Amino acid sequence: MGLKVYINGEYFDKKDAKISVFDHGLLYGDGVFEGIRSYNRLVFKLEEHIQRLYESAHGIMLDIAISRKDMIKAVIDTLNLNKLDDAYIRLIVTRGIGDLGLDPRKCKDAAIIIITDKIQLYPEKLYKEGLRLITVPTPRNIPEALNPQIKSLNYLNNILAKIEAINVGYEEALMFTASGYVAECTGDNIFIIKDGSLITPSSYLGILKGITRGVAMDIGKKIGLEVKEDVLTRHNLFTADECFLTGTAAEIVPVVSIEKRIIGNGKPGKITLALMREFKESTKRDGVKY
Ligand code: PMP
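Quick notes on the rules
- Residues numbered from 1 in each chain as written.
- Predicted model: local features only at pLDDT ≥ 70, side-chain atom pairs only at ≥ 80, totals over all residues.
- Heavy atoms only, no water.
- Helix = DSSP H or I, 4+ residues; strand = E, 2+ residues; numbered from the N terminus.
- Rg over C-alpha atoms; globule rule 2.2 N^0.38 Å.
- Buried < 20%, exposed > 50% of the residue type's maximum accessible area, 1.4 Å probe, protein only.
- Lys, Arg positive; Asp, Glu negative; His and termini not counted.
- Charge placed at Lys NZ, Arg CZ, Asp CG, Glu CD.
- Contact = heavy atoms within 4.5 Å.
- Expected span 1.5 Å × (residues − 1).
- Near = heavy atom within 4 Å.
- Polar contact = N/O pair within 3.5 Å; in protein donor to acceptor, adjacent residues only side chain to side chain.
- Areas by Shrake-Rupley, 256 points an atom, 1.4 Å probe, with all protein chains shown as cover.
- 1 Å grid on protein atoms, 1.4 Å probe; cavity = no way out; pocket = protein on both sides within 12 Å on 5 of 7 lines; lining within 4 Å.
- Sits in = over half its atoms within 2 Å of the grid points.
- Nonpolar A, V, L, I, M, F, W, Y, C, P; charged D, E, K, R; others polar.

(A) Region of the structure containing the overall build of the protein chain. When helices and strands are tallied, the protein chain shows 8 helices and 16 strands. For a compact globule of 290 residues, the expected C-alpha radius of gyration is about 19 Å, and the protein chain comes in at 19 Å, within 12% of that figure. Here the C-alpha coordinates of the protein chain stretch approximately 55 × 40 × 30 Å along the principal axes. When burial is assessed residue by residue, the protein chain has 51% of its 290 residues classed as buried. Counting 40 positive and 38 negative side-chain charges, the protein chain places the centres of these two groups 3 Å from one another.

Below is the structure:
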C-alpha cells in the first residue's frame with residue numbers, strides 16, 4: 001500500500017491526492033499550515049501545533065469546520081493508516097474553492113489536507129560542524145501588513161530570502177525586520193547565548209513564534225540559564241558566545257558563522273550541545289501517543 005493523504009475526511013493515494021485549481025490556497029496563498037514531527041509514535045507538541053493552526057486561521061477569518069479534538073484524531077488516524085513511526089506531518093487548511101476573484105465569501109468550504117510522510121533528515125554534518133549564515137536584503141514581512149505569527153500559505157517573503165542566500169553560496173538566510181533588527185531565518189528561529197543568557201528576538205518584532213523556540217526556552221530555564229526575549233542587532237550576533245537555530249524539521253542547529261564573522265570558537269557551543277541533548281530527550285516525552 002502506498003502513502004495515503006487525508007483530504008476533507010477522505011483518504012487518497014498520493015497520485016490521486018489533488019485539489020482544485022480554483023482553490024484560493026493555490027490562487028492566492030489564502031490558507032494556513034503547520035509542519036509537525038513524530039518521534040517513535042509520539043507526535044511532538046501536537047496540541048501546541050493545533051493551537052497555532054487554529055490561531056493562524058482565526059487571524060485570517062478562516063473557519064475550520066472540525067474541532068481541535070477531531071483535527072488531532074485525523075492526524076493520528078492518518079499516521080496510523082500510513083504505519084509511520086517517525087514522520088513529518090504537513091497540515092494545511094486552505095480557503096477552499098472560489099472563483100477567480102479575491103472574495104473569500106465565494107469559497108464555501110475550507111479544505112483540510114493532512115500529508116504524513118517519512119522524515120527527511122538533515123545531514124549529520126550540519127549538527128557536528130554547524131551552519132554558516134548570511135544576512136539578506138529582503139526584510140521579514142512587516143507585522144502591521146502580514147503578521148509572521150500567522151503561518152500562512154504565502155511564503156514568498158521567506159522564499160525570496162532563501163534565493164538571496166543561495167545566490168551568494170549560502171544554504172540559509174538570516175532575515176531582519178524592516179527596522180533592521182534580527183528577526184529569524186527562512187524557516188527557523190534564531191537564538192544567541194551571551195554571558196550565560198539565552199536570548200531570542202521578541203515575537204512582537206514580527207517573527208513566527210516557533211514551537212521549537214518555546215521548547216528551547218523551557219529547556220534553557222530548566223538547565224539554569226537566564227532566558228530573555230529581546231531586540232537584537234547584527235552586532236549582538238557577531239559578539240555572541242554561541243548561536244543556534246530552532247525549527248520542527250531542523251530541531252536545534254548550531255550556527256558557527258554569520259556574514260563570515262566567526263561565532264565563539266567556530267564550533268558548536270557547549271550550551272548549544274547541552275540544549276540539543278535535552279531536546280532529544282524531550283522528543284521522547286512531550287507528545288501525543290499513537
Ligand atoms: N520561523 C518560520 C518562518 C517558520 O516557517 C518556522 C517553521 N518551519 C519556524 C520559524 C520554526 O517554527 P517551529 O519550531 O514551530 O517549527
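(B) A look at the environment of leucine 133. Examined against the element boundaries, leucine 133 turns out to sit in strand β7 (residues 131–135). Look at leucine 133 and you get buried, because its relative accessible area is 0%. Apart from residues lying up to four places away in sequence, leucine 133 is in contact with Tyr170, Glu172, Leu174, Cys185, Ile190, Leu245, Val255, Ser257, Ile258 and Glu259.

(C) The arrangement of the environment of isoleucine 159 in detail. With respect to the element layout, isoleucine 159 can be found in helix α5 (residues 156–167). With 14 residues separating them along the chain, isoleucine 159 and alanine 173 place their C-alpha atoms 9.8 Å apart.

(D) Seen up close, helix α3 (residues 68–81). For α3, which comprises 14 residues, the first-to-last C-alpha distance of 20 Å matches the rise-based estimate of 20 Å (1.5 Å per residue) to within 8%. Phi for lysine 83, located one or two positions after α3, is positive at around 50°.

(E) Fine view of the site of the ligand. Surveying the vicinity of the ligand reveals 17 residues, the closest of which are Tyr155, Glu184, Ile211, Thr212 and Thr248. Side-chain polar atom of arginine 52 to an oxygen atom of the ligand: 2.9 Å apart, as the coordinates give it. Contact between the ligand and threonine 248: an oxygen atom at 2.5 Å from a side-chain N or O atom of the residue. When the ligand sits alone it has 390 Å² of accessible area, and the protein chains cover 92% of it. When atom positions are compared with the pocket grids, the ligand is found to occupy the largest pocket. Those elements giving two or more residues to the shell around the ligand turn out to be α6 (211–222) and β13 (242–247). Along the lines of polarity and charge, the residues of the shell around the ligand split into 3 nonpolar, 9 polar and 5 charged.

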